[in-house]
Amino acid sequence: MIPPHQLTHLDRLEAESIHIFREVAAEFQHPVMLYSIGKDSSVLLHLLRKAFYPAKPPIPLLHVDTTWKFREMIAFRNSLPARYGIDIKVHINQDGVRQGISPISHGATVHTDVMKTQALKQALDLYRFDAAIGGARRDEEKSRAKERVFSFRSSGHRWDPKNQRPELWDIYNTRVHQGESVRVFPLSNWTELDIWLYIYREQIEVLPLYFAAQRPVVERDGALIMVDDDRLPLAPGETPQLRSVRFRTLGCYPLTGAIDSTAATLEAVIAEMLVARTSERQGRVIDQDPTASMEKKKQEGYF
Amino acid sequence: MDQITTTTDHAEQIRAYLTQHEHKSLLRFITCGSVDDGKSTLIGRLLHDCQQLFDDQLAALERDSVKHGTQGDAIDFALLVDGLSAEREQGITIDVAYRYFSTEQRKFIVADCPGHEQYTRNMATGASTADLAIVLIDARKGVITQSRRHSYIIALLGVRQVILAVNKMDLVDYRQDVFEQIVADYRQLAEHLGISKVSCVPMSALTGDQVTRATDSMPWYAGPTLLQLLEQADITGSDAGRGFRLPVQWVNRPDSSFRGYAGTIASGMVTPGMAIATLPSGQQSTVARIVSADGDLERAGPRQAITLTLSEEIDISRGDVIVEARRPPEVADQFAAHLLWMGDAPLLPGRQYWMKHATRTIGVQISEIKHKVDVNTQEHLAAKRLELNEVAFCNITVSAPIAFEAYADNRTLGAFILIDRQTHATVACGTLSFALRRATNIHRQLLSIDQQARATIKGQTPRCLWFTGLSGSGKSTIANLVDRRLHALGYHTYLLDGDNVRHGLNKDLGFTPEDRVENIRRVAEVARLMTDAGLIVLVSFISPYRAERELARSLFPAGEFVEIFVDTPIEICEQRDVKGLYARARAGQLPNFTGIDAPYEAPEAPEVHLRSAELSVEALADVVLGVVVQS
């Protein structure tokens, strides 16, 4: 008699993600994993290493650097090769740098488009990647809730939400023509809580920015913006205050709002999240655009 | 649902809480119904009552409701789940949306699917990963065509558990008789469709009655709420008790000292030391280790993503299936299968597609559409082609044998998708029912004495000598002589003669084309059993159709089947007319007589071509004998 075999929901999510990673490695010529340094990327990297253990992951990492990330994020990224013995490519849109594009001078929308979306497309074309793995989750936003795990992109990196390939079981259609590509989301079925529970269970290292600490912030339009370096111009009379804050989500520092918090440990962060009344993307300035902005951005190639 | 006091000091308390959260099970379900049935309201209600909606999401929803909503000033939950702008503008669900919520016991993934017929393929997408389906019925309408279609699609995709949610009970005054009638109607439908487990709940998504909380509006109903049914649904499944199957996804070779086979277990348990075989090749080995990043495992089961190493190295690559040697699945290359067509261009039998089955992608062809199924009435219809969203039962042929199981027994080894070779679009999903013929080089059962052993003891090579030709061509005369000569030389033979077999095994068959096909099929199977026993079998049958002779040939390993064309001009046959049959046929007394009013399709490339008009019977027998004895 065989005893019942019961997997927990985290076991099932982990197995599903590993299956997806292996499928990408097996079926694509030039896959890449987009690494954005945040908690979801930390989980992705952990799963990537597990999927191919004991071998080194056969999929390279790429960070699209907007040049406005928190300093702590860049330091964390730069420590990866030494810690895990993996390579990480960094791509910056040099056209954007030459034009002096910044979230300060050009606003969130232009900055994100040039330094993130266009930069990503440049990198994908430059290295001829036919599959790009990202950490997006369906619970983040309602157009993401509709996206496939293997999400087809035409040769211009465009997403056609009304005409997606049917995706059944765990049988993924990985066929693309020259120039076409697929975005792959191994964390599709994970929620924010799952991510934290998994980080807790697996003791995955994440950035200290996720934990509360005294940080210099200014309050703008209801968002707490951290003064991470001297590039953030202060309004007359505006002085950074030290407040106990942490971040639920991380992007470009002038575009990412912190939350007041005293949660300095993993347990405390999770406890705080369980009673949270706002979604994690509320801290993203970029998402405060008109409704369906995510769908539009995604159609144009945003991750 | 999730209640906790935020006190960072109580680390212990939080740890206990996390432990409980970590050990939740996961249930994936699909909701079937349309916006009119209150489907979106139901999902919104579940998310809302399980506190899965955040304040900023609610605020956005309120803004959207004013702009696009259909509920006046009230919140329109449909806008929450319909995430695409086209959906919100048109007020319909186009594609599947996945939603997440959890309770103390379980985490849930909801696939919210469109209900319209033109989005059937998207509904199938949602159903393919579901453990359970909620079929939503408007109490005022009862079981309607749409309910039938939805139930048929979920049954087709193998969902065997249904919660029948009879919604809008508030609009029928919470009447018990209305509910009971709908339940009775639905149970009948479910039984017809093979849905084994149906739980029924009367409710109102709008008021919240019986969704997440029991109310006193229906004192006659003492059963569980919808949420309780979701929490209690059995998800253990029987996969763990079945034979071990691991479709190989990735061969892990970091260096020459390690060779692992990575994949997700489709069914069964595996332990180190287990005897395994790899299919379709059939090579055997033993499991050495179950490798994982968290250390070697002592055992692993369904849905786990693992890496195996073997004690004795054998040739395994992606697409192969590692199976328990004691309980292997079948290997075949022709199947009967259900197909749901998802392509914009119609399916045409005979055209080549790619089939992705587990981790293997191979060429496939739909050889025949047996019948189309009307998704609304489940009526069987004749069809020559298949259009978008149509379902059919088909015969399919793949370009090489694959290990498979019926979809009802094993979702992973029974499911497949079809990909268009030009556009690369996913044009169909399908489920395998059974093999039409077994593969040529694989044994169903790993018999301890195989054909080789049986043949060796007889000192011969098994053969099927298939004599085909017109009535009166001399087939039986030559076959008889060959048989006698072989016997004299000490060979173990048997002669299957058309006339004799029609007196016994095939006495129920006539001479219509259908019966002739079946006649040949049976004889070919008998001949195959005999060669399997090591015999040299002589078959003397008119066997007029090329297709059936090819079918017979396909049952044997390459080289074992020898087609012998006894080529005698019909004039000579008619002249001989040993049995007086031609005369009767000419007189119209024998309809469907081969060569007269039924066709004879001559072999195009027989192994042996006997021109009987040119040689004596003895000389012809020598030719055949030469083929058998030299090998």
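As the structure is a computational prediction, the values presented were derived from the model and not from experiment.

### Remarks on the overall build of chain B
From N to C terminus, chain B includes 18 helices and 25 strands. The C-alpha extent of chain B, read off along each of the three principal axes, is 100 × 65 × 45 Å. Within chain B, contacts between residues separated by at least 24 positions form 72% of all contacts whose residues are at least 6 apart in sequence.

### Section: the packing of helix 1 (residues 9-27) of chain A against helix 7 (residues 192-202) of chain A
Residues and elements named next belong to chain A. Where helix 1 contacts helix 7, the two axes come as close as 11 Å, and the packing angle between them is 95 degrees. Accordingly, the angle class assigned to the pair helix 1 and helix 7 is roughly perpendicular. Residues His-9, Leu-10, Asp-11, Leu-13 and Glu-14 of helix 1 lie in contact with helix 7, whose contacting residues are Asp-194, Leu-197, Tyr-198, Arg-201 and Glu-202. Across the contact of helix 1 with helix 7, the residue classes break down as four nonpolar, one polar and five charged.

### Let's talk about the packing of aromatic side chains
Evaluation of the coordinates by the stated rule reveals 25 aromatic pairs over all chains. Between Phe-52 of chain A and Trp-250 of chain B, the ring centres sit 5.4 Å apart and the planes meet at 75 degrees, which makes this aromatic pair edge-to-face. With Phe-52 of chain A in helix 2 (residues 39-52) and Trp-250 of chain B in strand 8 (residues 250-252), the pair connects residues from two separate chains. This pair shows no difference in class: Phe-52 of chain A is buried, exactly as Trp-250 of chain B is. Summarising the aromatic geometry, the rings of Trp-466 of chain B and Phe-561 of chain B are spaced 5.7 Å apart at their centres and angled 40 degrees between planes, so their arrangement reads as tilted. Of this pair, Trp-466 of chain B sits in strand 21 (residues 463-468) while Phe-561 of chain B sits in strand 24 (residues 561-567), and the two are 95 residues apart along the sequence. The buried category is assigned to Trp-466 of chain B, whose relative accessible area is 0%. Taking the relative accessible area as the measure of exposure, Phe-561 of chain B reaches 3% and is therefore buried. An aromatic cluster of three or more residues is present, and its members are Trp-68, Phe-70, Phe-247 and Tyr-253 of chain A.

### Examining the sheet that holds strand 12 (residues 305-310) of chain B
Strand order in the open sheet formed by seven strands is 7-13-10-11-12-9-8 (chain B), and the pairing between neighbours is antiparallel. Edge positions in the sheet fall to strand 7 (245-247) and strand 8 of chain B, since each has one partner strand and no second. Averaged over all adjacent pairs, the angle separating strand axes in this sheet is 40 degrees, with direction ignored. As defined by bridge partners, strand 11 (residues 284-291) of chain B adjoins strand 12 of chain B across four bridges and the pair is classed as antiparallel. The residue of strand 12 of chain B that forms the bridge with Ile-290 of chain B is Leu-308 of chain B. Contacting strand 8, strand 9 (260-264) and strand 12 of chain B, helix 1 of chain A crosses the sheet at an angle of about 65 degrees to strand 12 of chain B.

### With respect to the side chain of Glu-202 of chain A
Locating Glu-202 of chain A in the fold gives a position in helix 7. Sequence-distant contacts of Glu-202 of chain A, defined by excluding residues within four places in its chain, comprise Glu-14, His-46 and Lys-50 of chain A together with Asp-294 of chain B.

### A few points about the packing of helix 6 (residues 120-127) of chain B against helix 7 (residues 145-156) of chain B
Residue and element names in this part refer to chain B. Put simply, helix 6 and helix 7 touch, their axes get as near as 9 Å, and they point 45 degrees apart. Classed by the angle they form, the pair helix 6 and helix 7 counts as oblique. Where helix 6 crosses over helix 7, the handedness of that crossing is right-handed. For the pair helix 6 and helix 7, the contacting residues are Thr-120, Met-123, Ala-124 and Ala-127 in the first and Arg-149, His-150, Ile-153 and Ile-154 in the second.

### A short note on the interface of chain A and chain B
Taken together, the contacts link 77 residues of chain A with 93 residues of chain B. It is Arg-12, Lys-146 and Trp-169 of chain A in chain A that bury the most area against chain B; as a group they hold 12% of the surface buried on that side. The tally of links from chain A across to chain B stands at seven salt bridges. Of the charged contacts, one joins Arg-28 of chain B and Glu-16 of chain A as a salt bridge, the two residues approaching to 3.4 Å between their closest N and O atoms. For the pair chain A and chain B, the interface holds 28 residue pairs in polar contact (both at pLDDT 80 or more). The element contributing the most residues to the side of chain A that touches chain B is helix 1 of chain A, with 13 residues. Among the residues making up the side of chain A that touches chain B, the classes are represented as 36 nonpolar, 18 polar and 23 charged.

### Here we look at the nonpolar core
Phe-29, Phe-101, Ile-154, Leu-164, Tyr-186 and Leu-230 of chain B are the most contacted members of the largest nonpolar core, which has 82 residues in total. With eight residues, helix 8 (residues 176-193) of chain B is the single largest residue contributor to this core. Excluding residues that lie within four positions of it along the chain, Phe-29 of chain B makes contacts with Leu-46, Phe-101, Phe-108, Ile-109, Val-110, Ala-111, Ala-130, Leu-132, Ile-134 and Leu-230 of chain B. Core analysis: the next-biggest nonpolar cluster, separate from the first, contains 80 residues, Leu-13, Phe-28, Val-184 and Leu-274 of chain A among them.

### Description of the confidence of the model for chain B
Close inspection of predicted coordinates is inappropriate in any region flagged by low pLDDT. Mean pLDDT over chain B: 87, with 92% of residues reaching 70 or higher. Across the whole predicted complex the pTM is 0.76, and at the interface the ipTM reaches 0.91.

### Remarks on the pattern of salt bridges
Enumeration according to the criterion identifies 52 salt bridges over all chains in this entry. Residues Asp-194 of chain A and Lys-107 of chain B are paired through a salt bridge, measuring 2.1 Å at the closest nitrogen-oxygen approach. Of this pair, Asp-194 of chain A sits in helix 7 while Lys-107 of chain B sits in strand 3 (residues 106-112), each in a different chain. Exposure remark for Asp-194 of chain A: the relative accessible area of 3% places this residue in the buried category. Across the pair Arg-140 of chain B and Asp-138 of chain B runs a salt bridge whose closest N-O atoms are separated by 2.9 Å. Residues joined in a network through salt bridges with shared partners are Asp-11, Glu-14, Lys-50, Arg-201 and Glu-202 of chain A together with Asp-294 of chain B.

### Points about helix 1 (residues 11-22) of chain B
Between the first and last C-alpha of helix 1 of chain B there are 16 Å, a value that for 12 residues agrees with the 16 Å anticipated at 1.5 Å per step. All buried positions along helix 1 of chain B are accounted for by Ile-14, Tyr-17, Leu-18, His-21 and Glu-22 of chain B. Angularly, the buried residues of helix 1 of chain B cover 135 degrees about the axis, an arc narrow enough to put them on a single face. Buried positions along helix 1 of chain B lie against helix 1, helix 7 and helix 8 (266-274) of chain A.

### Some thoughts on the pairing of strand 11 of chain B
Residues and elements named next belong to chain B. Sheet topology note: the strand 10 (residues 275-279)/strand 11 ladder contains three bridges and is antiparallel. Among the inter-strand pairings, Ala-275 is bridged to a residue of strand 11, identified as Thr-286. As consecutive antiparallel partners, strand 10 and strand 11 are separated by four residues, and within that stretch Gly-282 has a phi angle of approximately 90 degrees, a positive value.

### With respect to the state of the cysteines
A disulfide bridge is the covalent bond that connects two cysteines by way of their sulfur atoms. Evaluated as defined, the whole model comprises zero disulfides over all chains. Of the cysteine sulfurs around Cys-200 of chain B, a residue in no disulfide, the closest is that of Cys-32 of chain B, at 14 Å.

### A closer look at the environment of Val-198 of chain B
Residue and element names in this part refer to chain B. Along the chain, the position of Val-198 falls in strand 6 (residues 197-202). Given the relative accessible area of 13%, Val-198 is considered buried. Residues Val-198 and Tyr-186 lie 12 residues apart in sequence; the distance between their C-alpha atoms is 8.9 Å. In this structure Val-198 touches Val-162, Leu-164, Tyr-186, Arg-187 and Ala-190, once residues within four positions along its chain are discounted.

### Comments concerning the sheet that holds strand 2 (residues 61-64) of chain A
Residue and element names in this part refer to chain A. Pairing is mixed in the open sheet, where six strands are placed in the order 3-2-1-4-6-5. Edge positions in the sheet fall to strand 3 (88-91) and strand 5 (150-153), since each of these pairs with one other strand and no more. Each strand of the sheet is rotated relative to its neighbour by a mean of 30 degrees, with strand direction disregarded. Packing against the sheet, helix 6 (residues 103-127) makes contact with strand 1 (31-34), strand 2, strand 3, strand 4 (131-133) and strand 6 (181-184), and its axis sits at approximately 145 degrees to strand 2.

### A short note on unusual backbone geometry
The peptide bond linking Tyr-53 of chain A to Pro-54 of chain A adopts the cis configuration, its omega dihedral lying at 0 degrees. Here Pro-54 of chain A shows up in the loop between helix 2 and strand 2. Cis geometry marks the peptide bond from Leu-279 of chain B to Pro-280 of chain B, where omega comes out at 10 degrees. For Pro-280 of chain B, the location among the structural elements is in the loop between strand 10 and strand 11. Positive phi, normally seen in glycine, also occurs at Gln-203 of chain A, with a value near 55 degrees. Mapped onto the elements of the fold, Gln-203 of chain A is located in the loop between helix 7 and strand 7 (213-220).

What counts and what doesn't
Residues numbered from 1 in each chain as written. Chains lettered and ligands numbered in written order. Predicted model: local features only at pLDDT ≥ 70, side-chain atom pairs only at ≥ 80, totals over all residues. Heavy atoms only, no water. Helix = DSSP H or I, 4+ residues; strand = E, 2+ residues; numbered from the N terminus. Contact = heavy atoms within 4.5 Å. Axes fitted to C-alpha atoms, helices over the stretch in contact; angles between N-to-C directions. Parallel < 35°, antiparallel > 145°, perpendicular 65-115°, else oblique. Nonpolar A, V, L, I, M, F, W, Y, C, P; charged D, E, K, R; others polar. Phe/Tyr/Trp six-rings, centres within 6.5 Å; stacked < 30°, edge-to-face > 60°. Buried < 20%, exposed > 50% of the residue type's maximum accessible area, 1.4 Å probe, protein only. Pairing = 2+ DSSP bridges. Left-handed = near helix turned anticlockwise from the far one by under 90°. Buried area = accessible area lost by both parts, 1.4 Å probe. Salt bridge = Lys/Arg side-chain N within 4 Å of Asp/Glu carboxyl O. Polar contact = N/O pair within 3.5 Å; in protein donor to acceptor, adjacent residues only side chain to side chain. Core = buried A, V, L, I, M, F, W, Y, C linked by side-chain atoms within 4.5 Å. pLDDT = per-residue confidence, 0-100. Expected span 1.5 Å × (residues − 1). Arc of directions from axis to C-beta. Disulfide = S-S within 2.5 Å.

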